[in-house]
Amino acid sequence: MSIAAAIGDTLQEEHQPNEPKRKGKWVPYLLMLPGMLWLAIFFVVPIVSLFLTSLQTPVPGGQVGEFQQTFNFANYWDTLSDSTYYIPLFRSFVYSGIATLLALAIGYPLAYAIAFKSGKFRNLLLVLVIAPFFVSFILRTIAWRQILADEGPVVAVLRSVGLVGETAGVYPSAVAVIAGITYNFLPFMTLPIYASLERVDPRLIEASGDLYAKPFTGFRKVTWPLSMPGVVAGTLLTFIPAAGDYVNAALLGRPSNTMIGNRIEYTFLSVNDYPTAAVLSFILMACILTMVLVYIRRVGTEDLV
Amino acid sequence: MSQATAAPKAPLTHRLRTWVGDNALRIYAVIAFVYLLLPVAYTFAFSFNDAGRTNIVWNSFTWDNWLNPCGAPEVCPSVVNSLVVGLIVTVVSTILGTLIAFSLVRYRFRGRSTTNLLIFLPMATPEVVLGSSLLALFLNLFVPLGFTTVVLAHIMFCISFVVVTVKARLASLDPRLEQAAMDLYASEREAFRRITLPLVAPGIAAAGLLAFSLSFDDFIITNFNSGQFTTFPKFVYVSATRGIPPQANVIASAMFFIALAIVLISQFAGRRRKEV
């Protein structure tokens, strides 16, 4: 780099210290080419392929799993009007919606406690929040099966206080599925909320108290709005994977608790009815993208990445 | 953590109530932590269960599972598979993702927001959709499923997480540090190698660890694209119906302590080096 260019750069940086440098025009493209190519081939192309598969029809007289490329949009209507599909789809959003609210109710106070009340234990507590990730999530879900089983501690406590009858249990049930989903995605809720609470200047909260706001009013008017980006990120990071999850429903629920993910897996891998499974996947993605866009528009947060 | 702030002469019930009031948030947090860690404790405890083939009810204590972690069939081969996949995925996705992060933070160029969107979308897509769309592609192109398709799929979903992690670290770097190095007659390449890279290294390491743990623990995408190939999570899920051998708990517990040790050591080392 010539000295003149270096000086030019320095001058520029003085005016806008955070403005990235302008060098060879092709450099950034070259840097990201391999990674973006990978995402194009293994994310974008598959989505297109999924859409094409969703329009396929069986080969006449062919075997199970043999389909030909047609553009049969009736697949969408046929699948959506079938109650074995639209009920699990609806159930998925109900379960994941409840689980997201529960995770918020548990995760927000937890993040608040870590951010403001943990003192020198803060880093240790943060490690404890992500510690569950270090154990295979399928084994943790199996552990819930043991914990919620009729011989387990939860049912024993619930029976002793009379919340659950002598013959009734918790596993398998919708409650167990929702508890499992809430559990599996709780760290995804807690960490972003913590990240935005950590940036809140405690003096702002003190100031609200000095101005005679009651603690709750101070929270509602100062802390909560400032933590909103974390809440938005946390709810999305919980809701999106929860809506597509099928491990919890498969391991903790009854057949009557199946979610759309179970249907997609079963139709794709066991029935080999690829077009129907592709329709379901595509509808799930479309529903989630719509909900996410509406939600982001509502709460008005632009930069999430 | 317990300090009673009430006057010492107040009646006990009143003091108790004040203490609970003062520490309500802490008590809530403790309960939340019990909720978070109870399944981990269960998984660990049941690794010592003398259970035979089905590890559901507590039987009796034994060291056998830990002394012979490969005692149950299929456990160790599936772990080896997961480790191999995880290592390849970590190396490739960390390199690809770090390059993208650098170009996004260090350069302004046309198509930047499209790039950001393409990074964000795989993270905003449920795993069933990612898994089934890849399967649709592989089926349409008659690609045989197995080790290769699993690696290809894992690298895809890990790249975005690497980009986000490295980007955060890069964005918090003071660009004046590099500038200062060049003022002191370091060439651009030297400044990058001796200033930027060491400062970003913790972010890249964190991204690599994240990629490895995402790959090692992935079940849903793997299940769609693995065919007969079995990873550790897939083995556990498949054997859930006929009973998971306690050796699986041993492997999971061992991984837990290794990961915990890495995180705690890196935190300790980070503190000793003082704020970077």
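Everything numeric in this text was worked out from a predicted model, so none of it was measured.

1. Thoughts on the interface of chain B and chain A
At step 1: Every contact between the two is made by 83 residues of chain B and, on the other side, 87 residues of chain A.
At step 2: For the pair chain B and chain A, the summed buried area comes to about 8000 Å², and 75% of that belongs to carbon and sulfur atoms.
At step 3: Taken as a group, Tyr35, Leu36 and Tyr107 of chain B account for 9% of the area that chain B buries against chain A, more than any other trio of residues on that side.
At step 4: Our enumeration of links across chain B and chain A arrives at zero salt bridges.
At step 5: Linking chain B with chain A are 16 residue pairs in polar contact (both at pLDDT 80 or more).

2. Here we look at the state of the cysteines
When the sulfur atoms of two cysteines share a covalent bond, that bond is a disulfide.
All names here are of chain B.
At step 1: Summed over all chains, the structure comprises one disulfide over all chains.
At step 2: A sulfur-sulfur separation of 1.9 Å characterises the disulfide bridge that pairs cysteine 70 with cysteine 76. Judged by the sign of its S-S torsion, about -90 degrees, the cystine formed by cysteine 70 and cysteine 76 is left-handed.
At step 3: Judged by relative accessible area, cysteine 70 falls into the partly exposed class, the value being 46%.

3. Re the packing of helix α12 (residues 260-270) of chain A against helix α5 (residues 127-140) of chain B
At step 1: Relative orientation of the contacting elements α12 of chain A and α5 of chain B amounts to 15 degrees, with a least axis distance of 11 Å. As summarised for this structure, α12 of chain A and α5 of chain B are arranged roughly parallel, according to the angle between their axes. As for the relative orientation of α12 of chain A and α5 of chain B, their crossing is left-handed in sense. Facing Gly261, Ile264, Phe268 and Leu269 of chain A of α12 of chain A, the residues of α5 of chain B in contact are Val128, Ser132, Leu135, Ala136 and Leu139 of chain B.

4. What about the packing of aromatic side chains?
At step 1: As enumerated under the stated definition, the model contains 36 aromatic pairs over all chains in all.
At step 2: Look at phenylalanine 46 of chain B and tryptophan 58 of chain B: their rings are 5.6 Å apart centre to centre, the planes differ by 85 degrees, and that puts the pair in the edge-to-face class. Here phenylalanine 46 of chain B is found in the loop between α1 (12-45) and α2 (64-67), whereas its partner tryptophan 58 of chain B is found in the loop between α1 and α2, with twelve residues between them in sequence.
At step 3: Members of the aromatic cluster, joined through ring pairs, are Phe134 of chain A together with Phe44, Phe48, Phe61, Trp63, Trp66, Phe256 and Phe257 of chain B.

5. Observations concerning the packing of helix α5 (residues 122-130) of chain A against helix α8 (residues 174-198) of chain A
Residues and elements named next belong to chain A.
At step 1: Look at α5 against α8: their axes get within 9 Å of each other, and the N-to-C directions meet at 155 degrees. It follows from the interaxial angle that α5 and α8 lie roughly antiparallel. On α8, the residues touching Arg122, Leu126, Val129 and Ile130 of α5 are Pro187, Thr190, Leu191, Tyr194 and Glu198.

6. What about the environment of alanine 99 of chain A?
All names here are of chain A.
At step 1: Here alanine 99 lies in helix α4 (residues 83-117).
At step 2: Assessed through its relative accessible area of 0%, alanine 99 is described here as buried.
At step 3: Alanine 99 sits twelve residues away from alanine 111 along the chain, and the two C-alpha atoms are 17 Å apart.
At step 4: Filtering out sequence-adjacent residues up to four positions away, alanine 99 remains in contact with Ile178, Ile181 and Thr182.

7. What about the confidence of the model for chain B?
The predicted structure's coordinates, where accompanied by low pLDDT, should not be read in detail.
At step 1: Confidence in the prediction of chain B, expressed as mean pLDDT, is 87, and 93% of residues score 70 or more.
At step 2: Looking across chain B, the model is least confident in helix α7 (residues 175-183) of chain B, with a mean pLDDT of 82, and most confident in helix α9 (residues 220-225) of chain B, with 95.

8. Concerning the domain arrangement of chain B
At step 1: By the assigned domains, chain B splits into domain 1 (12-67) and domain 2 (75-244).
At step 2: Placing the centre of domain 1 of chain B and that of domain 2 of chain B at their C-alpha centroids yields a distance of 33 Å.

9. Describing unusual backbone geometry
At step 1: In this structure, the amide linkage connecting tyrosine 171 of chain A to the following residue, proline 172 of chain A, adopts the cis form with an omega of -5 degrees.
At step 2: Turning to its location among the elements, proline 172 of chain A is positioned in the loop between α7 (153-160) and α8.
At step 3: The phi angle at phenylalanine 142 of chain B is positive, at roughly 55 degrees, despite the residue not being glycine.
At step 4: Note on placement: phenylalanine 142 of chain B falls in the loop between α5 and α6 (147-171).
At step 5: Residue phenylalanine 142 of chain B is classed as exposed on the basis of its relative accessible area of 75%.
At step 6: Positive phi, close to 70 degrees, is recorded for tyrosine 185 of chain B, a residue that is not glycine.
At step 7: Looking at the element boundaries, tyrosine 185 of chain B is found in the loop between α7 and α8 (188-217).
At step 8: Residue tyrosine 185 of chain B is classed as exposed on the basis of its relative accessible area, which comes to 77%.

10. Here's the deal with the side chain of threonine 53 of chain A
At step 1: Examined against the element boundaries, threonine 53 of chain A turns out to sit in helix α2 (residues 27-54).
At step 2: Within polar-contact distance, the side chain of threonine 53 of chain A engages the backbone oxygen of serine 49 of chain A at 2.8 Å.
At step 3: Residues contacting threonine 53 of chain A, with those up to four places away along its chain left out, are Gln69, Tyr274, Pro275 and Ala278 of chain A together with Ala136 and Asn140 of chain B.

11. A short note on empty space enclosed by the protein
At step 1: Enumeration according to the criterion identifies four cavities of 30 Å³ or more in this entry.
At step 2: By volume, the largest cavity is sized at about 60 Å³.
At step 3: Residues of the lining of the largest cavity, tallied by class, amount to five nonpolar, four polar and no charged.

Quick notes on the rules
- Residues numbered from 1 in each chain as written.
- Chains lettered and ligands numbered in written order.
- Predicted model: local features only at pLDDT ≥ 70, side-chain atom pairs only at ≥ 80, totals over all residues.
- Heavy atoms only, no water.
- Contact = heavy atoms within 4.5 Å.
- Buried area = accessible area lost by both parts, 1.4 Å probe.
- Salt bridge = Lys/Arg side-chain N within 4 Å of Asp/Glu carboxyl O.
- Polar contact = N/O pair within 3.5 Å; in protein donor to acceptor, adjacent residues only side chain to side chain.
- Disulfide = S-S within 2.5 Å.
- Buried < 20%, exposed > 50% of the residue type's maximum accessible area, 1.4 Å probe, protein only.
- Axes fitted to C-alpha atoms, helices over the stretch in contact; angles between N-to-C directions.
- Helix = DSSP H or I, 4+ residues; strand = E, 2+ residues; numbered from the N terminus.
- Parallel < 35°, antiparallel > 145°, perpendicular 65-115°, else oblique.
- Left-handed = near helix turned anticlockwise from the far one by under 90°.
- Phe/Tyr/Trp six-rings, centres within 6.5 Å; stacked < 30°, edge-to-face > 60°.
- pLDDT = per-residue confidence, 0-100.
- Domains from an automatic or database assignment.
- 1 Å grid on protein atoms, 1.4 Å probe; cavity = no way out; pocket = protein on both sides within 12 Å on 5 of 7 lines; lining within 4 Å.
- Points joined across faces, edges and corners; volume = space filled by probe spheres on them.
- Nonpolar A, V, L, I, M, F, W, Y, C, P; charged D, E, K, R; others polar.

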